[in-house]
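Residue-level listing of the chains:
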Amino acid sequence: MVKWRGRRQSKNVEDRRGAAAAGGAGILIMLIRFIVGRFGIRGIVLLGIVGAGLYFAGVNPMALLQQQTAPPQAAAPADDDTSQFIRVILAETEEVWSQQFQLVGQDYPEPTLVLFSGGVNSACGYASSAVGPFYCPGDQKLYLDTGFFAELAQRFGAPGDFAAAYVIAHEVGHHIQTVTGTSAQVRAAQQGARSEAESNEIQVRMELQADCYSGIWAHHADRTSGILDEGDIEEGLRAAEAIGDDTLQRNAGRRVTPESFTHGTSAQRQEWFVRGYRTGEVGSCDTFSTQQL
Ligand SMILES: [Zn+2]
């Protein structure tokens, strides 16, 4: 168990859970889903009767729906355990990376983490929870649906709060790649790639570096801040194993095709996380010039 209680919480968290990400149509769908979920098929009939009643009374029911700005589900409390935990982990990554940037005489531009539920609008477009956690270079924000943590435990068999921390630190890794210019170089290299397989291979190197950066965070969290407990690193390794491309393809009953990999095998993800964890040094995360990943 990560010893996170009582520690500094990052201020760079935007809590958009319970906020409507979609427009009028999305709200209408959510409202109908809510009513059907609550009252079953009778809800539809009820909706029809109410709508017809309003219509005959001279009120346009659609106009009423369009005025509704928030979905009927209750927003999660802003200070629940999950969001507090996330704020602490983000704060810990801020400590580690501002130190690393200081070593080369630079200021660390802290990213914002957006908590959402259902779907979210970002500079990278609209994303539903199904895409999993992601980092958008366009607005330099991390997007996280807290439901993913439950999924990590149930679907991928990688429970534990450190598994969640590993994922956050991995997305922060993409932020590091963006502000250091690595991401732009990777995009350029991908544009010059002769095949999708070649482009994917570059992508794998990028993802493994983010895993290594996650390991760097774990190194300092363990040695310097002492937030980690026994068994936490094992949890992280289990998470890295669970989300390796070969394991994901195998578990989905598909043929394992290395040329389609975008994140690396389970073994590679573990290997690069461990490299960062052992050394705690950015220099050990050069996934781009190594022959053997
Ligand atoms: Zn990634």
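Student: I'd love a proper account of the state of the cysteines, names of residues and values included.
Tutor: The final tally for this structure, using the stated rule, is two disulfides. Two residues share a disulfide in this structure: Cys124 and Cys136, whose sulfurs sit 2.1 Å from each other. Sign of the S-S torsion, about 95 degrees for the bond between Cys124 and Cys136, identifies this disulfide as right-handed. Of this pair, Cys124 sits in the loop between strand E3 (119-122) and strand E4 (125-128) while Cys136 sits in strand E5 (residues 134-136), and the two are 12 residues apart along the sequence. Classification of Cys124 by relative accessible area gives partly exposed; the value is 46%.

Student: I'd like a description of the sheet that holds strand E1 (residues 13-15), backed by residues and values.
Tutor: Strand order in this open sheet of four strands is E1-E2-E6-E5, and the pairing throughout is mixed. Lying at the two open borders of the sheet, with one neighbouring strand each, are E1 and E5. Adjacent strand axes in the sheet meet at a mean angle of 25 degrees, parallel and antiparallel pairs treated alike. Bridge count between E5 and strand E6 (residues 141-145): three bridges; the pairing is antiparallel.

Student: If you had to explain the coordination of the zinc ion to someone new, which residues and values would you point to?
Tutor: At 2.0 to 2.1 Å from the zinc ion lie its protein donor atoms, namely His170 (NE2), His174 (NE2) and Glu207 (OE). Here the donor residues for the zinc ion map to a single chain with the spacing H-x3-H-x32-E. Remark: His174 and His170 occur in helix H6 (residues 161-179); sequence separation between them is four residues, near one turn of the helix. When sorted by exposure, His170 lands in the same class as His174, which is buried.

Student: For the pattern of salt bridges, give the residues involved together with the corresponding values.
Tutor: Taken as a whole and judged by the stated rule, the model has 13 salt bridges. Taking the shortest distance from any N to any O, the salt bridge between Asp81 and Arg5 comes out at 2.8 Å. With a gap of 76 residues between them, Asp81 in helix H4 (residues 81-103) and Arg5 in the segment before E1 connect regions that are remote in the sequence. A residue is classified by how much of its surface remains accessible, and Arg5, at 55% relative accessible area, is exposed.

Student: Give a description of the packing of aromatic side chains that names residues and reports values.
Tutor: Under the counting rule described, the total for this entry stands at eight aromatic pairs. Taken together, a centroid distance of 5.9 Å and an interplanar angle of 80 degrees make the contact between Trp4 and Phe85 edge-to-face. Here Phe85 lies in helix H4 and Trp4 lies in the segment before E1, a separation of 81 residues in the sequence. Across the pair, exposure class does not vary: Trp4 and Phe85 are buried alike. Residues Phe134 and Tyr143 carry aromatic rings whose centres are separated by 4.9 Å and whose planes lie at 10 degrees to one another, so their mutual orientation is stacked.

Student: How would you sum up the nonpolar core? Please name residues and give values.
Tutor: Trp97, Leu113, Phe162 and Trp217 are the most contacted members of the largest nonpolar core, which totals 54 residues. Every element with two or more residues in this core is listed here: H4, strand E2 (112-116), E6, helix H5 (147-154), H6, helix H8 (196-225), helix H9 (232-242) and helix H11 (266-279). The element best represented in this core is H6, accounting for 10 residues. Not counting residues up to four positions away in its chain, the partners in contact with Trp217 are Ile89, Glu92, Thr93, Val96, Phe162, Ala165 and Ala169. Listed in part, the seven residues of the second largest apolar core include Val114, Ala127, Phe134 and Tyr143.

Thresholds, definitions, all that
Residues numbered from 1 in each chain as written. Predicted model: local features only at pLDDT ≥ 70, side-chain atom pairs only at ≥ 80, totals over all residues. Heavy atoms only, no water. Disulfide = S-S within 2.5 Å. Helix = DSSP H or I, 4+ residues; strand = E, 2+ residues; numbered from the N terminus. Buried < 20%, exposed > 50% of the residue type's maximum accessible area, 1.4 Å probe, protein only. Pairing = 2+ DSSP bridges. Axes fitted to C-alpha atoms, helices over the stretch in contact; angles between N-to-C directions. Donors = N, O, S within 2.8 Å, 3.2 Å for Na, K, Ca; no water. Salt bridge = Lys/Arg side-chain N within 4 Å of Asp/Glu carboxyl O. Phe/Tyr/Trp six-rings, centres within 6.5 Å; stacked < 30°, edge-to-face > 60°. Core = buried A, V, L, I, M, F, W, Y, C linked by side-chain atoms within 4.5 Å. Contact = heavy atoms within 4.5 Å.

Interpretation note: all reported values are geometric properties and have no functional meaning in isolation.
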